[in-house]
Structures are given as C-alpha cells and as structure tokens.
There are 2 protein chains.
Amino acid sequence: MIEQCTKYIKKKGLRLTKQRIKLVQEIAQMNQHFDVDLLISVMKKKKINISRATVYRTLPILQECGVIREVTQLDNKVYYENNYNKKHHDHMICLNCGRIIEFFDNDIERLQDKICAKSCFKPEKHRLIIYGLCEDCGGGKND
Amino acid sequence: MIEQCTKYIKKKGLRLTKQRIKLVQEIAQMNQHFDVDLLISVMKKKKINISRATVYRTLPILQECGVIREVTQLDNKVYYENNYNKKHHDHMICLNCGRIIEFFDNDIERLQDKICAKSCFKPEKHRLIIYGLCEDCGGGKND
DNA sequence: ATTTTTATTGAGAATGAATCTCAAATGCAA
DNA sequence: TTGCATTTGAGATTCATTCTCAATAAAAAT
Ligand SMILES: [Mn+2]
Ligand SMILES: [Mn+2]
Ligand SMILES: [Zn+2]
Ligand SMILES: [Zn+2]
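Residues numbered from 1 in each chain as written. Chains lettered and ligands numbered in written order. Predicted model: local features only at pLDDT ≥ 70, side-chain atom pairs only at ≥ 80, totals over all residues. Heavy atoms only, no water.

Right, let's talk about the protein's contact with DNA strand D for a bit. In the vicinity of DNA strand D there are 19 residues, among which A:Thr17, A:Thr54, A:Arg57, B:Lys18 and B:Tyr56 approach most closely. Of all atoms in DNA strand D that approach within 4 Å of the protein, 66% are sugar or phosphate atoms. With respect to DNA strand D, the side chain of A:Arg20 contributes an N or O atom lying 3.0 Å from a phosphate oxygen. Interatomic distance of 2.6 Å between a side-chain N/O atom of A:Thr54 and a phosphate oxygen of DNA strand D. Contributing elements (two or more residues each) for the surface near DNA strand D: α2 (18-29) and α4 (52-65) of chain A together with α4 (52-65) of chain B. For the surface near DNA strand D, a count of residues per class yields 7 nonpolar, 5 polar and 7 charged. (Near = heavy atom within 4 Å. Polar contact = N/O pair within 3.5 Å; in protein donor to acceptor, adjacent residues only side chain to side chain. Helix = DSSP H or I, 4+ residues; strand = E, 2+ residues; numbered from the N terminus. Nonpolar A, V, L, I, M, F, W, Y, C, P; charged D, E, K, R; others polar.)

What follows is the structure in structure tokens.
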C-alpha cells in the first residue's frame with residue numbers, strides 16, 4: 001500500500017511528506033470503515049502530529065490513487081474504507097444497531113453492466129447499500 | 001398525494017398547517033430531483049411564505065409518510081424525489097454532465113433479496129447508484 | 001363563538017463538516 | 001547547500017442543517 005501511494009505521489013509530481021507517509025501507514029492498518037475524526041484521534045494517541053486540514057487534503061489523493069474508497073453510512077458524512085488488497089464489495093447496514101455487512105454478488109454486478117449497456121452508459125463505479133435489520137436485530141426470523 | 005399526507009399527519013397527531021399543505025402541493029408538481037433551496041426559491045417566486053426551518057422540518061415527515069424519498073447525487077448534499085405514484089427505481093449519474101438516468105431492473109432487485117436472505121438480513125430499502133459517462137459524454141461508443 | 005391547550009412557525013443563533021487562507025516550514029532538484 | 005515551489009498548520013470561513021424560543025395558530029374543549 002505504501003509503495004502504491006509513493007509511486008502515485010511521485011508520478012503526479014507531488015511531494016512525499018512525513019504527514020502523507022504516516023497517514024498512509026495508519027490507514028493501512030485500518031480494517032473497518034473510518035472517517036477523518038477517527039484517523040486524527042488514532043494518530044494523536046500515537047503522538048503523530050498531523051493537522052485536520054492535512055488529513056482532509058490527503059484523503060482525496062489516496063482515493064485517486066485507489067488505495068481507499070469513499071463509503072456511505074447512515075448519516076450523510078463521508079467515510080472511507082481501505083481498498084488495498086481488498087476486492088470490491090457492497091454493504092448492508094442495520095438501521096437498528098449500525099452493523100455493516102459486506103457482500104459481493106457477481107450476478108448483480110453483471111446485471112448492472114448489462115443495464116448500463118442498454119442505456120449506452122459507461123459505468124465507472126457504483127454504490128449499492130441495502131438498509132434493513134441484521135440477524136441480531138430481528139432480521140432472520142421475520143416473515 | 002395530499003390525501004396521503006393529510007391522513008398520515010392526522011394519524012400521527014400532527015397538525016395540518018398552511019405551510020405543510022402548501023409544501024406538499026409544491027412537491028406534488030415536482031418532476032425532477034429537488035433540494036431545500038429549490039423548494040424555497042420556487043415557493044418564493046409564487047409568493048408563498050414558508051421559512052427554511054419549516055421546510056427542513058417538514059421533509060422528514062413527508063419521507064416517513066412515503067410520498068418522497070431521499071436520493072444522492074454527486075455532492076454530499078441531500079436531495080429528494082417525488083415518490084408518489086412512481087415506481088421504485090435506481091439511478092445512473094453522469095460524472096461529466098450530471099445527467100441522471102432512472103432505471104429499474106427486477107432481476108437486480110430479486111438478487112438483492114436473495115443475498116439478504118443468505119445473511120439473515122431483512123431489507124427495508126436500498127440505494128443503488130451507478131456513476132459513469134452517459135451516452136452524450138462518451139459512454140456509448142467506448143469499449 | 002370563545003377559550004384553552006399545545007404543536008408549529010419564523011428569524012436568527014448555533015453547530016459541525018469541509019474548505020480556504022496565508023505565513024512558516026520543508027521536500028526536492030540543481 | 002541553495003533556491004523554489006509545494007505543503008503544512010492554525011485558525012478563519014463557508015455552507016448545510018439543526019436548534020432556540022417567543023409569537024402564532026391549529027385543534028379540542030367549553
Ligand atoms: Mn466495506
Ligand atoms: Mn429518480
Ligand atoms: Zn443490527
Ligand atoms: Zn453526461
């Protein structure tokens with residue numbers, strides 16, 4: 001992940017700063033969805049100095065570079081997830097407890113391509129979120 | 001649409017105010033996606049007085065009632081669409097011109113239910129947005 | 001119709017996420 | 001090491017949304 005970012009940053013003529021390196025190192029260890037506040041608090045705990053503005057400025061770079069991906073949760077805030085060495089997937093979100101379930105369905109993906117082709121639309125990315133109740137919150141048994 | 005809202009408002013023990021009625025009447029005539037600013041400017045043009053706060057307070061009620069539905073566009077702002085007498089559908093959004101294409105694919109919907117069942121997840125609603133290039137912006141011919 | 005009760009409204013203040021500003025710091029190439 | 005453009009940090013700013021609270025008005029009670 002660090003190498004991929006380093007390469008991207010150099011290719012773009014950007015500078016490999018301490019802050020960017022440290023931030024990527026932190027994100028590489030993240031295995032849940034995260035937002036700016038989480039990154040800042042984690043780094044503060046580890047005594048790594050980085051300003052909020054720099055975090056906000058760096059995340060879009062890492063997204064272009066492809067190592068992270070924007071995800072949506074219940075509120076309308078921006079969250080990210082690690083996209084490095086991880087296959088594409090979509091999400092189910094429990095409206096009761098907030099639990100996030102990741103899933104991938106190849107048939108759904110293929111049908112999306114098919115319906116795009118029908119509209120002469122060239123898909124670049126998509127976002128599918130299913131909201132409902134997870135097993136623990138009453139999903140399983142009902143109906 | 002007005003009747004559905006009236007019924008819901010009364011059932012909930014809420015009050016049928018001038019502002020709520022006027023707002024629903026406006027929304028009933030909307031045929032594209034809209035946000036708070038659009039509603040306010042349209043109503044101001046028609047000399048209908050309603051405060052920004054009241055619009056913000058009313059929209060969640062109309063959403064619960066089922067006559068409107070929250071949709072996402074490119075920015076992270078909240079938009080709505082009329083959901084009355086309109087079948088469920090999802091969206092393709094052109095990253096170049098912002099054009100919004102509505103689509104519905106029954107197979108995708110069924111596959112969603114299937115994968116939810118597999119996780120014992122009870123779906124209530126979902127949001128599928130495909131981002132890419134529309135026909136006019138280079139979608140059709142490419143690849 | 002009048003009064004009483006209580007939800008709703010409007011105007012503006014407050015909040016909170018995200019962006020911007022600009023002087024100081026620093027990466028990097030010469 | 002020097003020079004220079006990029007980046008950073010701290011705080012100001014923006015912008016959408018929510019909150020506050022006194023005034024208003026809907027609905028119920030009389
Ligand atoms: Mn995920
Ligand atoms: Mn639509
Ligand atoms: Zn749950
Ligand atoms: Zn387009």
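What follows continues from the structure just given.
Bringing the coordination of the zinc ion (ligand 3) into the picture now. Residues and elements named next belong to chain A. All of the protein donors around the zinc ion (ligand 3) are Cys94 (SG), Cys97 (SG), Cys134 (SG) and Cys137 (SG); their distances to the metal are 2.2 to 2.4 Å. Geometry at the zinc ion (ligand 3) is tetrahedral, judged from the 4 donor atoms that bind it and their angles of 102 to 115 degrees at the metal. Counting along the primary sequence, the residues that act as donors to the zinc ion (ligand 3) give the motif C-x2-C-x36-C-x2-C. Taken together, the residues span a long stretch of sequence, with Cys94 in strand β3 (residues 90-94) and Cys137 in the segment after β5 (122-133) at a distance of 43 residues. (Donors = N, O, S within 2.8 Å, 3.2 Å for Na, K, Ca; no water. Tetrahedral: all angles 85-135°; square planar, octahedral: opposite > 155°, others 65-115°.)

This paragraph deals with the protein's contact with DNA strand C. Surrounding DNA strand C, one finds 20 residues, the nearest of these being A:Lys18, A:Tyr56, B:Arg15, B:Thr54 and B:Arg57. Take the atoms of DNA strand C that sit within 4 Å of the protein: sugar and phosphate atoms are 69% of them. Contact between DNA strand C and B:Ser51: a phosphate oxygen at 3.0 Å from a main-chain N or O atom of the residue. Class assignment for the residues of the surface near DNA strand C results in 7 nonpolar, 6 polar and 7 charged.

Time to look at helix α5 (residues 106-118) of chain B. Residue and element names in this part refer to chain B. Between its first and last C-alpha, α5 extends 19 Å over 13 residues, near the 18 Å set by a 1.5 Å rise per residue. Every buried residue belonging to α5 is among Ile108, Glu109, Leu111, Gln112, Ile115 and Cys116, and all of these are buried. Looking straight down α5, one finds that the buried residues subtend no more than 165 degrees of arc, so they occupy a single side. Projecting away from the buried face of α5 at angles above 90 degrees are the exposed residues Arg110, Lys114, Ala117 and Lys118. (Expected span 1.5 Å × (residues − 1). Buried < 20%, exposed > 50% of the residue type's maximum accessible area, 1.4 Å probe, protein only. Arc of directions from axis to C-beta.)

Our focus in this paragraph is the domain arrangement of chain A. Much of the literature gives interface size as the accessible area that the parts lose upon coming together. Residues and elements named next belong to chain A. Parsing chain A into structural domains produces domain 1 (2-82) and domain 2 (90-137). Opposite the 8 residues of domain 1 that make contact, domain 2 presents 11 residues. Around 750 Å² of area is buried between domain 1 and domain 2 when both sides are counted, 51% of it from carbon and sulfur atoms. Linking domain 1 to domain 2 there are 1 salt bridge. The salt bridge involving Glu70 is made with Arg127; its shortest N-O contact spans 4.0 Å. The interface formed by domain 1 and domain 2 holds 3 residue pairs in polar contact (both at pLDDT 80 or more) in total. (Domains from an automatic or database assignment. Contact = heavy atoms within 4.5 Å. Buried area = accessible area lost by both parts, 1.4 Å probe. Salt bridge = Lys/Arg side-chain N within 4 Å of Asp/Glu carboxyl O.)

Take the packing of aromatic side chains next. Overall, the coordinates contain 2 aromatic pairs over all chains when judged by the stated rule. Between the NZ or CZ atom of A:Lys125 and the centre of the ring of B:Tyr131, over which it lies, the distance is 5.6 Å. (Phe/Tyr/Trp six-rings, centres within 6.5 Å; stacked < 30°, edge-to-face > 60°. Lys NZ or Arg CZ within 6 Å of the ring centre and 35° of its normal.)

Attention now goes to the interface of chain A and chain B. Listed as interface residues are 39 residues of chain A and, on the opposing side, 39 residues of chain B. A buried area of about 3,400 Å², summed over both sides, lies between chain A and chain B, and 66% of it is on carbon and sulfur atoms. Our count for the contact surface shared by chain A and chain B stands at 0 salt bridges. Connecting chain A to chain B are 10 residue pairs in polar contact (both at pLDDT 80 or more). Secondary structure elements with two or more residues in the side of chain A that touches chain B: β3, β4 (100-103), α5 (106-118) and β5 of chain A. The biggest single contributor to the side of chain A that touches chain B is β5(A), with 12 residues. Pairing analysis gives 11 bridges linking β5(A) to strand β5 (residues 122-133) of chain B, with the strands arranged antiparallel. (Pairing = 2+ DSSP bridges.)

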